[in-house]
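# Survey of secondary and tertiary structure
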Amino acid sequence: MATTPQGVTRIGSRKSQLALVQTYWVRDQLQSHHPGHTFEVQTMSTQGDKILDVALAKIGDKGLFTKELEVGLLGADIDFAVHSLKDLPTQLPPGLTLGAVTERENPADALVVHTNYQGYQLETLPEGTVIGTSSLRRLAQLRHHFPHLQFKDVRGNLNTRLQKLDAGEYDALILAAAGLQRLGMAARIHQIIDPEISLHAVGQGALGIECRTEDQATLGLLQVIHHPPTAAQCLAERSFLRALEGGCQVPIGVHTHIEDNALTLTGAVLSLDGQAMVKDQLTGPLTEPETLGATLAQRLRDQGAEPILASIFAEVGR
Ligand code: DPM
């Protein structure tokens, strides 16, 4: 078991450009708040980085982008890991905890178009337009609202996807606005998609910092980047997803907002073809986000989410 020298904190990160931008941002924030401390970044490849040619939904396995980092944490090779919160499974391994949640960027999905489609909005795209996405959540919601569009799987990092779009393999892509913003590519956002059309993924737009539950020193250092309102929103969303037992392979979307001291969570479960949708909204105290998420999940079950989930698990596996 490795040990970290005193005054040094090792940060684990995936190697993708987006992951590194996020990790360096976290490191810089911490470094400026803790000038006497040393922060080192250690990069690792995850399963999700290695398998690039297979549709996300078919690889199955939760924790596709996080497992290797968690092994590093448990073996004390690193002290915390920076994740896009939406890639972090809702059940963490014993001994690990969500040490901080950073302030959320715009959590919405965004439409990015090929130059031939500059004159269109999502609502006006012509029949047969080919949209690239490998998110079942985006696929189901767009099929629900726009059954005349066509959908094609796309994998790879953001730059690869944009190159494929520009080369004409797709007419448009749906991507997280937050990822484009963090990579300095906000100019590629053609349209921010309204939550009435596409509810975002659980945790989308926020960073989750995972560390060892017992590691009080690291937990203490992380407090300066913890953003309680974002954390409340994301805890509600994660508890909702956990109660529905959905990984990233299930078309489940959410939206949260805070007003006064109340948290409102909207959640939906869709069938893969987008035909069936169960959607509801619930408001509760900001101080009990996890109860809110679990209660909304139960309400969706009561309204018919169960058979939808069962048919998805039968098709793509759990
Ligand atoms: C997860 C999904 C996707 C990522 C599924 C979903 C998108 C896959 C795709 C769980 N992780 O959203 O329904 O569209 O083919 C991912 C992105 C970011 C984190 C990129 C993106 C950046 C945004 C963020 C991939 N993970 O969604 O465009 O930090 O929230």
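Preceding block: the structure.
What this report covers is the structure whose coordinates are included nearby. (Residues numbered from 1 in each chain as written. Predicted model: local features only at pLDDT ≥ 70, side-chain atom pairs only at ≥ 80, totals over all residues. Heavy atoms only, no water.)

### Notes on the overall build of the protein
- Looking only at helices and strands, the protein features ten helices and 13 strands.
- Considered along the principal axes of its C-alpha atoms, the protein spans approximately 60 × 45 × 40 Å.
- Within the protein, residue pairs in contact and separated by at least 24 positions form 69% of the contacts whose partners lie at least 6 positions apart.
- Total accessible area computed for the protein in this model is approximately 13700 Å², and 50% of it derives from carbon and sulfur atoms.
- Here the protein contributes 26 positive and 35 negative side-chain charges, whose respective centroids are spaced 5 Å apart. (Helix = DSSP H or I, 4+ residues; strand = E, 2+ residues; numbered from the N terminus. Contact = heavy atoms within 4.5 Å. Areas by Shrake-Rupley, 256 points an atom, 1.4 Å probe, with all protein chains shown as cover. Lys, Arg positive; Asp, Glu negative; His and termini not counted. Charge placed at Lys NZ, Arg CZ, Asp CG, Glu CD.)

### Some thoughts on the site of the ligand
- Near the ligand you find 19 residues, and of these Lys86, Asp87, Ser134, Ser135 and Arg138 are the closest.
- Interatomic distance of 2.6 Å between a side-chain N/O atom of Asp87 and a nitrogen atom of the ligand.
- In this structure, Ser135 approaches the ligand through a side-chain N or O atom, which is 2.6 Å from an oxygen atom.
- Protein chains bury 93% of the 630 Å² of accessible surface belonging to the ligand in isolation.
- Breaking the shell around the ligand down by element, the ones donating at least two residues are helix H5 (136-145), strand E8 (172-176) and helix H7 (177-182).
- A domain split of the shell around the ligand shows at least three residues from each of domain 1 (1-103 + 205-226) and domain 2 (109-192). (Near = heavy atom within 4 Å. Polar contact = N/O pair within 3.5 Å; in protein donor to acceptor, adjacent residues only side chain to side chain. Domains from an automatic or database assignment.)

### Observations regarding the side chain of Thr90
- With respect to the element layout, Thr90 can be found in the loop between strand E3 (80-84) and strand E4 (96-101).
- Apart from the residues within four sequence positions on either side, Thr90 is in contact with Arg238, Leu241 and Arg242.

### Things to note about the nonpolar core
- The biggest cluster of nonpolar side chains holds 39 residues, and the ones touching the most others in it are Leu122, Ile131, Leu142, Phe240, Ile252 and Val269.
- Mapped onto this core, the elements with two or more residues apiece are strand E5 (109-113), H5, E8, helix H9 (228-244), strand E11 (252-259), strand E12 (262-270), strand E13 (277-285) and helix H10 (289-316).
- If you tally residues by element for this core, the top one is H10, at nine residues.
- Counting contributing residues, this core receives three or more from each of domain 2 (109-192) and domain 3 (227-318). (Core = buried A, V, L, I, M, F, W, Y, C linked by side-chain atoms within 4.5 Å. Buried < 20%, exposed > 50% of the residue type's maximum accessible area, 1.4 Å probe, protein only.)

### Thoughts on the sheet that holds strand E9 (residues 191-192)
- Pairing is mixed in the open sheet, where five strands are placed in the order E7-E6-E8-E5-E9. Each edge of the open sheet carries a strand with a single partner, namely strand E7 (150-152) and E9.
- Relative to E7, strand E6 (residues 130-132) runs parallel, the two being bridged by three bridges. Note that in E7 the partner of Val130 across the bridge is Gln150.
- Docked against the sheet, H5 engages E5, E6, E7 and E8, running at close to 125° with respect to E8. (Pairing = 2+ DSSP bridges. Axes fitted to C-alpha atoms, helices over the stretch in contact; angles between N-to-C directions.)

### So, the environment of Pro93
- Tracing the chain through its elements places Pro93 in the loop between E3 and E4.
- For Pro93 and Arg212, which are 119 residues apart along the polypeptide, the C-alpha to C-alpha distance reads 9.9 Å.
- Apart from the residues lying within four places of it in its own chain, the contact partners of Pro93 are Glu70, Leu74 and Glu210.

### Some words on H5
- The buried fraction of H5 amounts to seven of the ten residues, a majority that puts the element mostly inside the structure.
- Looking at H5, one finds that the buried residues are Leu136, Arg137, Arg138, Leu139, Ala140, Gln141 and Leu142.

### Description of the side chain of Thr102
- Residue placement: Thr102 occurs in the loop between E4 and E5.
- Excluding anything up to four places from it in sequence, Thr102 contacts Trp25, Ala206, Leu207, Ile225, His227 and Thr230.

### Focus: the sheet that holds E4
- Pairing is mixed across the open sheet formed by five strands, whose spatial order is E2-E1-E3-E10-E4. Every other strand in the sheet has two partners, leaving strand E2 (38-44) and E4 as the edge strands with one partner each. The average undirected angle you get between the axes of adjacent strands in this sheet is 30°.
- Bridge analysis of E3 against strand E10 (residues 207-212) gives five bridges, and the strand direction is antiparallel. Pairing of His83 across the sheet is with Gly208, part of E10.
- This element, helix H1 (residues 17-33), spans strand E1 (8-14), E2, E3 and E10 of the sheet and lies at about 170° to E2.

### Here's the deal with empty space enclosed by the protein
- Using the criterion set out here, one finds one cavity of 30 Å³ or more in the structure.
- Space inside the largest cavity adds up to approximately 40 Å³.
- Taken together, Gln141, His144, His145, Pro195, Glu196, Ile197, Leu199, Leu270, Met277 and Lys279 make up the lining of the largest cavity.
- Contributing elements (two or more residues each) for the lining of the largest cavity: H5 and E13. (1 Å grid on protein atoms, 1.4 Å probe; cavity = no way out; pocket = protein on both sides within 12 Å on 5 of 7 lines; lining within 4 Å. Points joined across faces, edges and corners; volume = space filled by probe spheres on them.)

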